[in-house]
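# Structural overview
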Amino acid sequence: MSAIADTAVAREARRTALILAAAQAVLGSTGPICFALGALAGYFMLSADKSLATAPLTGFNVGVALGALPAAYAIRSLGHRKGFMTGTLLTAGGGLIATVALFHSAFWLFALGLLVIGAGNAFVQQFRFAAADNAPPEFKARAISFVLAGGIITAIVGPQTVIFTHDLLLPVPFAGSFAAIMVIAAVGGLLLSRLHATTPAGKAEDVDESDARPLGEIVMQPRFIVALLCGVCSYALMTFVMTGAPLAMVGCGFSSDQATLGISWHVMAMYGPSFFTGRLIHRFGAERIVATGLVLLVCCGLVALSGLALWQFWTALILLGLGWNFGFIGATAIVAESYRPSEKGRVQGFHDFVLFGTVALASLSSGAVYNGWGWEMLIWIMFPVCMVCFAALGTLHWRAVSRAG
């Protein structure tokens, strides 16, 4: 009987992961749309201080950060289906605000629209946790990577949406792409409606919280601290470089479509390895996979500093995406091992609040650094951050060896 029950649990875990992967593929494409056009639209709307060009993208990341805790609470209270569908409403509303702002050349209203889209994306960020929560222990890492593998389609849908719709509502450039976000949100809502009404991470009363530890005790665990540091740095560096890349490419004389295709290759590299990242984590351990991601980020910096040809921009962006994949998924797997089922809502919300708060600062500073010191300085900043993460991983390894000895 237990074997039958185990099979049913595994089947349900795979079904949930499949639906969330499909929703990730669709709703995740709003991110590349914002990444490809947010800074460019901001740049063209500003007449004086161009250093604020990346402020709309900062709005997107601030929205993800501010939405992290409410998203975790909503999903925990309403269940996966209703909680995630609430996020699609926010995404659609943000697309509407951004479109109206572009028609009125209202820079700060446009930033607000991206903030609301970001708040909707905070729910998308919970997909990976939902897949892990619904899976047996041996399937958790693979469930996370399986959901993120939906980003392969995101890498195509998002940039191609930009290319085919950015002139759709001329004479207002880019408005068509942000109007398309409302359609994307509707499709995502239909997919999420296929989730079962009640899942293991559903109603709060379904979870026994008698063994829950204080949040401070959980987040002070050395493994959690190192995982949070490496996950935050991997994501922040990815955002920092990716946000400035379209500005740098256009500044070097390449077209906005070439810059968008660079983002497409980047997003594909972000999610492509997810088909096997979970297996690699299971075989080699999350810490080694995170270290591999950091090595790839260093390689990205070296390629970016080697020249300003289109192939160098695109190669650097591909390496940036690969580094993010290994670094972030590996760190997420460590975080998922650090809390009990009764603690997941608070820990996941705290994790994403810190993560996307830092990412928001990274996206805002990217425009300021690029405007003030150029593309090369933006790249040089990557190296000391990676060194700090290597040091943290080394300390964690030393502690593990000391305990074993």
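Reading guide: rules and limits
Just so you know, the residues in each chain are numbered from 1, in the order the chain's sequence is written. Restriction of local features to residues with pLDDT of at least 70 applies here, the model being predicted, together with a cutoff of 80 or more for giving and counting side-chain atom pairs; totals for whole chains, interfaces and linings are based on all residues. Water and hydrogen atoms were dropped before computing side-chain values, which therefore reflect all heavy atoms in the structure. Segments assigned H or I by DSSP are reported as helices when at least four residues long, segments assigned E as strands when at least two residues long, and all are numbered from the N terminus. With C-alpha atoms as the basis for the radius of gyration, the globule rule is written as 2.2 Å multiplied by the number of residues raised to the power 0.38. Here's how the labels work: a residue is buried when its accessible area is under 20% of the maximum for its type, exposed when over 50%, partly exposed in between, all with a 1.4 Å probe on protein chains only. The contact criterion used is simple: two residues touch if any of their non-hydrogen atoms lie within 4.5 Å. A residue counts as positive if it is Lys or Arg and as negative if it is Asp or Glu; His and the chain ends are not included. Note that the charge is assigned to NZ on lysines, CZ on arginines, CG on aspartates and CD on glutamates. A pocket here means an open set of points on a 1 Å grid, computed over the protein atoms alone, that has protein on both sides within 12 Å along at least five of seven lines. A cavity is instead a set of points where a 1.4 Å probe fits but cannot get out; residues with an atom within 4 Å of a point line either one. Grid points are joined across faces, edges and corners, and a volume is the space filled by probe spheres set on the points. In this classification, Asp, Glu, Lys and Arg are treated as charged, Ala, Val, Leu, Ile, Met, Phe, Trp, Tyr, Cys and Pro as nonpolar, and every other residue, Gly included, as polar. Simply put, an axis is a line fit to the C-alpha atoms, just over the touching stretch for a helix, and the angle between two N-to-C directions goes from 0 to 180 degrees. These descriptions rest on fixed angle ranges, namely under 35 degrees for roughly parallel, over 145 for roughly antiparallel, 65 to 115 for roughly perpendicular, and the rest for oblique. Crossing chirality is assigned from the near helix's rotation relative to the far helix, an anticlockwise turn below a right angle marking it left-handed and a clockwise turn marking it right-handed. Buried Ala, Val, Leu, Ile, Met, Phe, Trp, Tyr and Cys residues that are joined via side-chain atoms within 4.5 Å together make up what is termed a nonpolar core. Confidence scores per residue from the predictor, reported as pLDDT, run from 0 to 100. By definition, disulfides here are pairs of cysteine sulfur atoms that lie within 2.5 Å. What a helix is expected to span follows from its residue count: subtract one and scale by 1.5 Å. By convention in these notes, a salt bridge is any Lys or Arg side-chain nitrogen within 4 Å of a carboxyl oxygen on Asp or Glu. In this analysis, rings of Phe, Tyr and Trp, with Trp reduced to its six-membered ring, are considered paired at centre separations within 6.5 Å, and the interplanar angle assigns stacked below 30 degrees, edge-to-face beyond 60, and tilted for intermediate values.

A word on the overall build of the protein. Along its length, the protein carries 18 helices and zero strands. Against the globule reference of 22 Å for 405 residues, the protein gives a C-alpha radius of gyration of 20 Å, in line with a compact fold. Considered along the principal axes of its C-alpha atoms, the protein spans approximately 65 × 50 × 35 Å. In the protein, buried positions account for 57% of the 405 residues. Here the contacts in the protein between residues at least 6 apart in sequence split such that 85% fall between residues at least 24 apart. Once the 22 positive and 18 negative side-chain charges of the protein are each reduced to a mean point, those two points are 5 Å apart.

If a probe the size of a water molecule is rolled over the atoms, the empty space left behind becomes visible. Tallied over the full model, the rule gives four cavities of 30 Å³ or more. Those elements that provide at least two residues to the lining of the largest cavity are helix H2 (30-45), helix H3 (55-78), helix H5 (107-125), helix H11 (222-251) and helix H12 (256-271). A per-class count over the lining of the largest cavity returns 11 nonpolar, seven polar and no charged.

Right, let's talk about the packing of helix H4 (residues 80-103) against H5 for a bit. Orientation of H4 relative to H5, taken along the N-to-C sense of each, is 165°, at an axis distance of 7 Å. Judged on the interaxial angle alone, H5 and H4 are roughly antiparallel. Relative to H5, the crossing made by H4 is left-handed. For the contact of H4 with H5, a count of residues per class yields 13 nonpolar, 10 polar and no charged.

Moving on: the side chain of glutamine 24. Relative to the assigned elements, glutamine 24 resides in helix H1 (residues 2-27). Setting aside anything within four residues of it in sequence, one finds glutamine 24 in contact with Ser29, Val124, Phe127, Val147, Leu148, Gly150, Gly151, Thr154 and Tyr271.

Counting residues in hydrophobic clusters, the biggest one holds 122 residues, and the most contacted among them are Leu20, Phe84, Phe127, Phe178, Leu320 and Trp375. Examining the composition of this core, we find that 18 residues originate from one element, H11, more than from any other. Not counting the four nearest positions on each side in its chain, phenylalanine 178 is found in contact with Ile33, Cys34, Leu37, Gly95, Ala98, Thr99, Leu102, Phe110, Leu114 and Ile117.

This part takes up the packing of H2 against H3. Close contact between H2 and H3 brings their axes to 7 Å; oriented N to C, the two are set at 145°. In contact with Gly31, Cys34, Phe35, Gly38, Ala39 and Gly42 of H2, H3 contributes Pro56, Leu57 and Phe60. Per-class residue counts for the contact of H2 with H3 are six nonpolar, three polar and no charged.

Per-residue confidence for the protein gives a mean pLDDT of 85; residues scoring 70 or more make up 92%. Low pLDDT, under 50, characterises residues 199-205; the stretch is placed with 18 contacts to residues that sit more than four places away or in other chains.

This next bit is on the state of the cysteines. Under the defined criterion, the tally for this structure stands at zero disulfides. No disulfide involves cysteine 230; its sulfur sits 4.4 Å from the nearest other cysteine sulfur, which is in cysteine 389.

The next subject is H2. The end-to-end C-alpha separation of H2 is 21 Å, in line with the 22 Å expected for 16 residues at 1.5 Å each. Buried residues dominate H2, accounting for 13 of its 16 residues.

Attention now goes to the layout of surface pockets. Counted as a void, the largest pocket has a volume near 290 Å³. Taken together, Arg223, Glu287, Arg288, Ala291, Phe390, Leu393, Gly394, Leu396, His397, Ala400 and Arg403 make up the lining of the largest pocket. Among the elements that line the lining of the largest pocket, the one with the most residues is helix H18 (residues 382-404), at seven residues. Class assignment of the residues belonging to the lining of the largest pocket gives a composition of five nonpolar, two polar and four charged.

Before going further, it helps to examine the pattern of salt bridges. Applying the stated criterion to the full structure yields two salt bridges. The shortest N-O distance in the salt bridge between arginine 223 and glutamate 287 comes to 2.3 Å. Taken as a pair, arginine 223 in helix H11 and glutamate 287 in helix H14 (residues 286-305) lie far apart in primary sequence, 64 residues in all. Residue arginine 223 is classed as partly exposed on the basis of its relative accessible area, which comes to 31%. By relative accessible area, which is 27% here, glutamate 287 ends up partly exposed. Residues glutamate 337 and arginine 223 are paired through a salt bridge, measuring 3.0 Å at the closest nitrogen-oxygen approach. Here arginine 223 lies in helix H11 and glutamate 337 lies in the loop between helix H15 (310-336) and helix H16 (344-373), a separation of 114 residues in the sequence. In this structure, a network of salt bridges that share partners links the residues Arg223, Glu287 and Glu337.

Applying the stated rule across the entire model yields 11 aromatic pairs. A centroid spacing of 5.4 Å and a plane angle of 50° characterise the contact between phenylalanine 313 and tryptophan 375, whose relative ring orientation is tilted. Placement of the pair is phenylalanine 313 in helix H15 and tryptophan 375 in helix H17 (residues 375-380), with a sequence separation of 62 residues. The burial state of phenylalanine 313 is the same as that of tryptophan 375; both residues are buried.

Here the focus is the side chain of serine 338. Looking at where serine 338 falls in the secondary structure, it is placed in the loop between H15 and H16. The exposure class assigned to serine 338 is buried, which follows from its relative accessible area of 8%.

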